[in-house]
Amino acid sequence: MTVKTKITLFIVGAGLVSSLLFSVVVFYELLEQPFKLLDTVLKEEAYRTASMILKRQSTSEAASLETVDNMVHAYWIEIYEQGTNKILYQSDLAKRVKLPPVKPHSRTIARAVISRGQIKPDRDRSQKSTFRIRSVPIELDGRSLVVKIARTMEKLEDEIWELVFGIAAGLIFSTLALIVISRFMAGKILQPIGRMKDLAQDISEKNLGQRIPHGDGRDEFSDLARTINRMLDRLQCSFVKQRDFLFDTSHELKTPLTTMRLTVDEICTSDGKNLPPFVRDNLLRLNNQVLRMERLVKDLLNLSSLETLTGIDPKPVQVTELLSSLAGEYKFLADAQNIKMDIRLPMRLVTQGDREKLHRAFSNILDNAIKYNFDGGQIELTGDQSAAELTVTIANTGPGVAEAEIPRVYDQFYRVEKSRSIQNGGSGLGLAIVKRIVELHNGKISFESKQETWTRVTVSLPLSRDTVLA
Ligand code: ATP
Ligand code: MG
């Protein structure tokens, strides 16, 4: 689950709990009012009915019992005489429906079976109905009465349901609004983290100089950005130190190695004939190793100077001419292994770049195509130019590289088959150099291979408008 979702859920959960509590309080507050009103109406009705009943008993022209019944039609009323418990009056509803006893001065809610037709003629199904009951002691004309009065809460129940639905709808809408707002807020809060992630993804050894912008804020995200930046400072520093160390060491090794090679050369040429065969053999082996080390040191120097470069000074390069002359240089080596070279290049392949570096890159690829080939194998050198880019493909037969190993061929000192590479004098820096040169030209390199069959290296270099016109 993402942090954004977690924050959203947390805010929505907290908001929902507080809205629920608020709704419960509001619900009970709102519920109290209609009950108070109903209780007042019941009390007034109790007084009115009690006085009517007493008046009827004392005067002859008072309302008939039937008229009283009609007037209190909607009420459940029983009037007792306190002490004797003699029933003075029972409304129509009270005769049919039994309600539980209620203590004087108290009020309660009870459910009873009632035919709805008794209250509303359009509904005559018998069903349970809820009553609000009050017991009202009344002193009238020196007589102590108790009026037990009740009324169905049908209307009130409808109102309560309306209130519940209103609150539920409000809760649903507020939750939806909360989800939208909290998601937006979570996105805003996490924006700096997103920026840090993007930058961290971009940072590689090529652009260790990038830093996360943090401003002067003293919040946690600014602190985190400052901490990451300090870590990047330390990383960059040790990276530069390491690169300088490699460059300095290679540079320091160059001169003694050349001196060693020249000395061995001199011994072999001047005293070669007088030397015992085993000494001459050892000197030749030493010479080979020194030559190999010299090449390695040269490649290391090349690579570390390429690593420090951030760009090139582009000049028009005649790629057809460059590749043709390279193929000529390697023809001798290819012939030695009976490798057939098939060169198909358009007349005028031109790009903007650094000729010397491109020469080094294509030379390394061609060198591999010959080194890692079968005796009597084949090399295909083709070129193509579209409006946007120039593509050079060098394909060769040979043992190839397993699919799993392909991503690693650009790693420094990586050799697929160490024994084969050492036998070929390889140190595993060639393709790392090629890749860096292609990157400096803003180009792309792809390495495809089928084991024991073929290998194809494709270099694509982007063309600027000027290059196409050149
Ligand atoms: P260096 O180029 O420094 O002399 P290298 O040739 O061993 O040494 P890379 O050119 O970097 O190093 O190549 C890395 C590895 O990729 C090689 O060791 C080889 O196993 C494999 N490889 C490269 N090019 C080819 C190719 N054309 N055919 C088959 N394998 C290849
Ligand atoms: Mg190589």
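All residue numbers refer to positions counted from 1 along the written sequence of the respective chain. Each chain takes a letter, starting from A, and each ligand takes a number, starting from 1, following the order in which they are written. Per-residue local features of the predicted model are confined to residues with pLDDT of at least 70, and side-chain atom pairs are confined, for both listing and counting, to 80 or more; whole-chain, interface and lining totals are unaffected and use all residues. For the side-chain quantities, the full set of heavy atoms in the structure was used; hydrogens and water were omitted.

### Concerning the nonpolar core
- By nonpolar core we mean a set of buried residues, namely Ala, Val, Leu, Ile, Met, Phe, Trp, Tyr and Cys, connected to one another through side-chain atoms within 4.5 Å. Residue exposure (1.4 Å probe, protein chains only): buried if accessible area is under 20% of the type maximum, exposed if over 50%, otherwise partly exposed. Ranked by size, the top nonpolar core spans 43 residues in total, and within it Phe362, Val392, Ile394 and Phe447 carry the most contacts.
- At the level of elements, helix H6 (277-308), helix H7 (319-336), helix H8 (355-371), strand E9 (378-385), strand E10 (389-397), helix H10 (430-440), strand E11 (444-450) and strand E12 (454-462) are the ones that each hand at least two residues to this core.
- The contact criterion used is simple: two residues touch if any of their non-hydrogen atoms lie within 4.5 Å. Sequence-distant contacts of Val392, defined by excluding residues within four places in its chain, comprise Val319, Leu323, Phe362, Leu381, Thr382, Gly383, Val457, Thr458 and Val459.
- If you look at the next biggest cluster of nonpolar residues, it comprises 28 residues, including Phe27, Val72, Ile160 and Ile167. The way it works is that DSSP assigns letters per residue, a run of H or I at least four long becomes a helix, a run of E at least two long becomes a strand, and they are numbered from the N terminus.

### Comments concerning unusual backbone geometry
- The backbone phi angle of Asn85 is positive, close to 60 degrees, even though this residue is not glycine.
- Secondary-structure assignment places Asn85 in the loop between strand E1 (75-81) and strand E2 (87-90).
- Backbone geometry places Asn338, a non-glycine residue, at a positive phi of 55 degrees.
- For Asn338, the location among the structural elements is in the loop between H7 and strand E7 (340-344).

### What about the pairing of E2?
- Pairing between strands is defined by DSSP: at least two bridges between them are needed. In this sheet, E2 lies alongside E1 in antiparallel orientation, the contact comprising three bridges. Paired with Glu78 across the strands is Gln90, a residue of E2.
- In sequence, E1 turns back onto E2 through a hairpin of five residues, with Gly83 there showing a positive phi of about 95 degrees.

### A closer look at the environment of Ile365
- Along the chain, Ile365 falls in helix H8.
- On the accessibility criterion, Ile365 (3% relative accessible area) is buried.
- Between the C-alpha atoms of Ile365 and Gly217, which are 148 residues apart in sequence, the distance is 52 Å.

### Digging into the packing of helix H5 (residues 220-271) against H6
- Here the axes come from fitting lines to C-alpha atoms, over the contacting stretch only for helices, and the angles between their N-to-C directions go from 0 to 180 degrees. At their nearest, the axes of H5 and H6 sit 8 Å apart, and the two run at 155 degrees to each other. If you check the angle between H5 and H6, you find them roughly antiparallel. For H5 against H6, the interelement crossing comes out left-handed.
- Each residue gets one of three labels, nonpolar for Ala, Val, Leu, Ile, Met, Phe, Trp, Tyr, Cys and Pro, charged for Asp, Glu, Lys and Arg, and polar for the others, Gly among them. The residue inventory of the contact of H5 with H6, partitioned by class, reads 16 nonpolar, seven polar and six charged. Reported orientations rely on four angle classes, namely roughly parallel under 35 degrees, roughly antiparallel over 145, roughly perpendicular from 65 to 115, and oblique for the rest. Each helix crossing is assigned a hand: it is left-handed if the near helix lies turned anticlockwise from the far helix by less than a right angle, otherwise right-handed if that turn is clockwise.

### Describing the layout of surface pockets
- Each pocket or cavity is described by its volume, and for the largest pocket that value is around 890 Å³.
- Looking at the largest pocket, it is lined by 42 residues, and the ones nearest its centre are Asn364, Asp367, Asn368, Lys371 and Gly430.
- Put simply, the parts of the chain that give the lining of the largest pocket at least two residues each are H6, H7, H8, E10, helix H9 (418-423), H10 and E12.
- Counting residues per element, the lining of the largest pocket draws most heavily on H8, which supplies nine residues.
- Residues of the lining of the largest pocket, tallied by class, amount to 15 nonpolar, 15 polar and 12 charged.
- In this entry, domain limits derive from an automatic or database-based domain assignment. Residues from two domains meet in the lining of the largest pocket; each of domain 2 (237-305) and domain 3 (311-462) gives at least three. For cavity detection a 1 Å grid was placed over the protein atoms alone, and a set of points counts as a cavity when a 1.4 Å probe fits there but cannot get out; an open set counts as a pocket when protein lies on both sides within 12 Å along at least five of seven lines, with lining residues being those that have an atom within 4 Å of a point. Grid points are joined across faces, edges and corners, and a volume is the space filled by probe spheres set on the points.

### Considerations on the sheet that holds E11
- Here five strands make up an open sheet; going across it, the order is E7-E9-E10-E12-E11 and the pairing mixed. For this open sheet the edge positions go to E7 and E11, each flanked by a neighbour on one side alone. With direction set aside, neighbouring strand axes in the sheet form an average angle of 10 degrees.
- Here E7 runs beside E9; their pairing, made up of five bridges, is parallel.

### Points about the domain arrangement of the chain
- Domains assigned within the chain are domain 1 (3-169), domain 2 (237-305) and domain 3 (311-462).
- Taken over C-alpha atoms, the centre of domain 2 sits 26 Å from the centre of domain 3.
- Contacts between domain 2 and domain 3 engage seven residues on the former and 11 residues on the latter.
- Defined here as a combined quantity, buried area equals the accessible surface (1.4 Å probe) lost by two parts on assembly, summed across both. Taken together, the two surfaces of domain 2 and domain 3 that pack against each other cover about 790 Å², and 64% of this comes from carbon and sulfur.
- Its largest share of buried area at the contact with domain 3, domain 2 owes to Arg292, Asn302 and Leu303, together 59% of the area lost on that side.
- Put simply, a salt bridge is a Lys or Arg side-chain nitrogen that is within 4 Å of an Asp or Glu carboxyl oxygen. Our count for the contact surface shared by domain 2 and domain 3 stands at zero salt bridges.
- Distance and chemistry together define a polar contact, namely a pair of N or O atoms within 3.5 Å, with one atom able to donate a hydrogen and the other to accept it when in protein, and with adjacent residues in sequence counting only for side-chain atoms on both sides. There are one residue pair in polar contact (both at pLDDT 80 or more) connecting domain 2 and domain 3.
- Of the residues in the side of domain 2 that touches domain 3, the class split is three nonpolar, one polar and three charged.

### A word on the side chain of Lys148
- Looking at the secondary structure, you find Lys148 in strand E5 (residues 143-152).
- One buried charged residue, Lys148, forms no salt bridge at all, with the nearest opposite charge on Glu78 at 4.3 Å.
- Among the polar contacts made by the side chain of Lys148, one reaches the main-chain carbonyl oxygen of Pro100 at a distance of 3.2 Å.
- Excluding residues that lie within four positions of it along the chain, Lys148 makes contacts with Trp76, Ile77, Glu78, Tyr80, Leu99, Pro100, Pro101, Val102, Ile133, Arg134 and Ser135. Under the convention used here, Asp and Glu are negative, Lys and Arg are positive, and both His and the chain ends fall outside the count.

### With respect to a nonpolar patch on the surface
- Residues form patches when they are more than 30% accessible in relative terms and have no salt bridge. Like charges link within 9 Å. Nonpolar side chains (Val, Leu, Ile, Met, Phe, Trp, Tyr) link within 5 Å. Accessible surface area values rest on a Shrake-Rupley calculation with a 1.4 Å probe, where residue burial reflects the displayed protein chains alone. Together, Phe10, Ile11, Ile181, Phe184, Met185 and Ile189 make up a nonpolar patch on the protein surface, roughly 610 Å² of accessible area in all.
- Of all the secondary-structure elements, those providing two or more residues to the nonpolar patch are helix H1 (3-58) and helix H4 (154-202).
- Per element, the largest residue contribution to the nonpolar patch is four residues, and it comes from H4.

### Observations regarding the side chain of Glu81
- Along the chain, the position of Glu81 falls in strand E1.
- Not counting residues up to four positions away in its chain, the partners in contact with Glu81 are Lys86, Leu88, Arg143, Ser144 and Leu145.

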